[in-house]
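# Coordinate inspection notes
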Amino acid sequence: MIKLIAIDVDDTLLNPEGKLTNTTAAALREAAMRGAHIVLCTGRPLVGVRDFLAAINIDGAEEYAITYNGAVVQNLAGRVLVSHTLTRSDYIDLAAFADNHNVHYNALDLSGRVFTGNTDVGAITVVQAWENHAGLSVVNPQALPAAIVIPKFLFVDPAPQLDTIVQPFADHFGDRFATVRSTPVFFEAMQPRVDKGTALQSLCATLGYGAEEVLAIGDELNDLPMFDFAGTAVAMGNARDQVVAAADWVTADNAHDGVAVAVRKYMGD
């Protein structure tokens with residue numbers, strides 16, 4: 001029996017226009033009424049998915065989200081259960097690498113605020129801040145407070161430009177950070193061993209659920225660790241080939257309510 005449904009947000013839960021359709025929201029409300037925890041597993045902060053959670057009618061201290069690509073596990077009242085975050089020193093080093101390679105960058109704090117040292121703020125960063133509903137600040141890295149908590153750092157530019165820094169990043173930093181290409185325009189750095197799968201495993205341990213009671217749905221490479229843990233892994237019809245290959249089943253794409261199709265298949269009509 002499925003007790004927890006872990007769902008990626010962008011290009012999975014949301015359609016190509018970035019909207020949660022009534023069909024998908026209704027299917028998730030039905031699953032929640034049958035007792036399943038609906039857990040959004042996303043690179044966004046909690047504030048960036050509040051509207052979608054409200055549409056599904058889930059909230060409160062007994063419901064949960066995995067945010068910042070697994071760096072933070074929290075309940076929907078905002079209490080943090082698990083947190084693996086970067087330091088000011090990490091941020092300064094990563095920002096210097098970005099500057100040296102002429103790549104735009106930003107980071108997020110625990111409130112979801114996006115901040116960057118780029119004075120020529122990139123268009124991708126502007127859209128990201130708008131989606132997260134938490135604001136955007138331009139701050140010199142050296143001016144950040146010593147106690148700042150940073151769940152993740154992002155290099156943000158068109159895919160061909162980001163492609164050029166992947167190997168230099170590995171050569172420069174080694175295994176100091178976990179990295180993921182969450183979308184073609186985001187190359188993200190986090191604390192070592194941070195990913196959606198590890199976070200999902202931690203949450204299930206807290207709730208007393210086994211992997212066989214978990215359904216995971218996703219489309220991107222950063223969803224693969226969820227697939228590794230979950231008893232049932234479903235790839236969206238619009239998923240990358242590697243994600244499709246790792247899945248137990250492939251649902252419809254996000255233009256055709258693939259999440260709703262999968263949820264109804266595994267939770268029953």
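First, a word on what this report is: a plain description of the structure on this page. Bear in mind the structure is a predicted one, so any value in this text is a computation, not a measurement.

Another point: the side chain of Asp-109. Residue position: Asp-109 is located in the loop between β6 (105-108) and β7 (114-116). For Asp-109, a relative accessible area of 12% translates into the label buried. For Asp-109, the residues in contact, after removing those within four places along its chain, are Tyr-68, Phe-115, Val-149 and Pro-151.

Attention now goes to the packing of aromatic side chains. Per the counting criterion, the structure on display carries 15 aromatic pairs. Considering the side-chain rings of Phe-97 and Phe-155, the 5.8 Å spacing of their centres and the 75° angle between planes classify their relative orientation as edge-to-face. Placement of the pair is Phe-97 in helix α4 (residues 88-100) and Phe-155 in strand β9 (residues 152-156), with a sequence separation of 58 residues. Residue Phe-97 is classed as buried on the basis of its relative accessible area of 4%. Given the relative accessible area of 0%, Phe-155 is considered buried. Seen from their ring centres, Trp-249 and Tyr-266 are 6.1 Å apart, and the 80° between their planes marks the pair as edge-to-face. One end of the pair, Trp-249, is in strand β14 (residues 249-250); the other, Tyr-266, is in helix α11 (residues 258-267), with 17 residues separating them in the sequence. The exposure class of Trp-249 is partly exposed, given its relative accessible area of 27%. Residue classification places Tyr-266 among the partly exposed positions, given a relative accessible area of 26%. Pairwise contacts between aromatic rings join Tyr-91, Phe-97, Tyr-105, Phe-115, Phe-153, Phe-155, Phe-169, Phe-173, Phe-177 and Phe-187 into one cluster. One cation-aromatic arrangement involves Lys-265 over Trp-249; the distance from NZ or CZ to the ring centre is 4.9 Å. The ring of Tyr-266 is capped by Lys-265, whose NZ or CZ atom sits 5.4 Å from the centre of that ring.

Basis of the calculations
Residues numbered from 1 in each chain as written. Predicted model: local features only at pLDDT ≥ 70, side-chain atom pairs only at ≥ 80, totals over all residues. Heavy atoms only, no water. Helix = DSSP H or I, 4+ residues; strand = E, 2+ residues; numbered from the N terminus. Buried < 20%, exposed > 50% of the residue type's maximum accessible area, 1.4 Å probe, protein only. Contact = heavy atoms within 4.5 Å. Phe/Tyr/Trp six-rings, centres within 6.5 Å; stacked < 30°, edge-to-face > 60°. Lys NZ or Arg CZ within 6 Å of the ring centre and 35° of its normal.

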